[in-house]
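Overview (structure and organization)
Each chain is listed here by its residues.
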Amino acid sequence: LFKRLGNLISKSVYIYIYRKVVTGCNAKLFSFARHKSFTATKSFSDPGFSIIDAVIDKKAQKDYVLVLKDNTRPNRNLKVAFAKNPLGPFQQVSEPFSPYLREGPAVLKVKNQWLIYFDSYGSKSYEAVSTKDFKVFEKINDKISVPEGHKHGTIFRASNKDLKNLLRDEAKKK
């Protein structure tokens, strides 16, 4: 669950975020930084509930969003929180924008909107929503296509060259 924030802070400072189970199913996010050496581990986000599967995106200068899974039973859904700094504190935790049993968000900006892909493990499917402000979310499941059996992970923008290479390699497997 390490997340490298690289260019959110500077090109030479990396922030690593990881999940640690504190008690039972109660997980919290912690972080440490690396520039020339490693810093001490500290609490990264503690919204008062069990949190896992978090990803940060930069909306604008001094405007960051944390897309997270509330892993509290029975919630297990996705929410967002906001900060002026990628190190937090992330506040104003939203109400869930996804139904029950969703996890593994991946955020991708496309033109003037963000697409949030996630694993709908209860229904064994992959889903997505679009948003322009991280306050209003629109289901776009009918507009996406992911390989059958895909589980949560990273979705990223690929160059045409990389896509052709991936498709070529996949065709060789068949």
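In what follows, the accompanying structure is described. (Residues numbered from 1 in each chain as written. Predicted model: local features only at pLDDT ≥ 70, side-chain atom pairs only at ≥ 80, totals over all residues. Heavy atoms only, no water.)

1. Observations concerning unusual backbone geometry
Selection criterion: Where helices and strands are cited, they refer to DSSP runs of H or I of at least four residues and of E of at least two residues respectively, numbered from the N terminus.
Looking along the chain, the bond that leaves Arg73 and enters Pro74 is cis, with omega of 10°. By the element assignment, Pro74 lies in the loop between β6 (63–70) and β7 (77–83). In this structure, the amide linkage connecting Gly88 to the following residue, Pro89, adopts the cis form with an omega of 5°. Looking at the secondary structure, you find Pro89 in the loop between β7 and β8 (103–110). At Arg76, a residue that is not glycine, the phi angle is positive and equals roughly 45°. Relative to the elements of secondary structure, Arg76 occurs in the loop between β6 and β7.

2. A look at the environment of Asp46
Relative to the assigned elements, Asp46 resides in the loop between β4 (42–45) and β5 (51–60). Measuring from C-alpha to C-alpha, the distance between Asp46 and Ile15 comes to 17 Å, with 31 residues separating the pair along the chain.

3. Considering the packing of aromatic side chains
Here is the rule: Planes of paired rings set the category: under 30 degrees apart is stacked, over 60 is edge-to-face and the rest tilted, where pairs are Phe, Tyr or Trp rings (Trp by its six-membered ring) whose centres lie within 6.5 Å. The classification of residues rests on relative accessible area computed with a 1.4 Å probe and restricted to protein chains. Under 20% of the type maximum is buried, over 50% is exposed, and intermediate values are partly exposed. Note on criteria: charge over ring means Lys NZ or Arg CZ within 6 Å of the ring centre, with the direction from the centre no more than 35 degrees off the ring normal.
Evaluation of the coordinates by the stated rule reveals 4 aromatic pairs. Ring centres 6.3 Å apart and planes at 75° place the aromatic pair Phe97 and Phe118 in the edge-to-face group. One end of the pair, Phe97, is in the loop between β7 and β8; the other, Phe118, is in strand β9 (residues 113–120), with 21 residues separating them in the sequence. In terms of burial, Phe97 and Phe118 fall into one category: buried. Seen from their ring centres, Trp114 and Phe134 are 5.0 Å apart, and the 50° between their planes marks the pair as tilted. On the criterion of sequence distance, the pair formed by Trp114 in strand β9 and Phe134 in the loop between β10 (125–131) and β11 (138–139) is long-range, its members being 20 residues apart. What makes Phe134 buried here is its relative accessible area of 1%. Each member of the aromatic cluster is reached from another via a ring pair, and the members are Phe97, Phe118 and Phe137. The ring of Phe30 carries the charged tip of Lys20 above its face, separated from the ring centre by 5.7 Å. Directly above the ring of Phe82 sits Lys135, whose terminal nitrogen or CZ lies 5.0 Å from the centroid.

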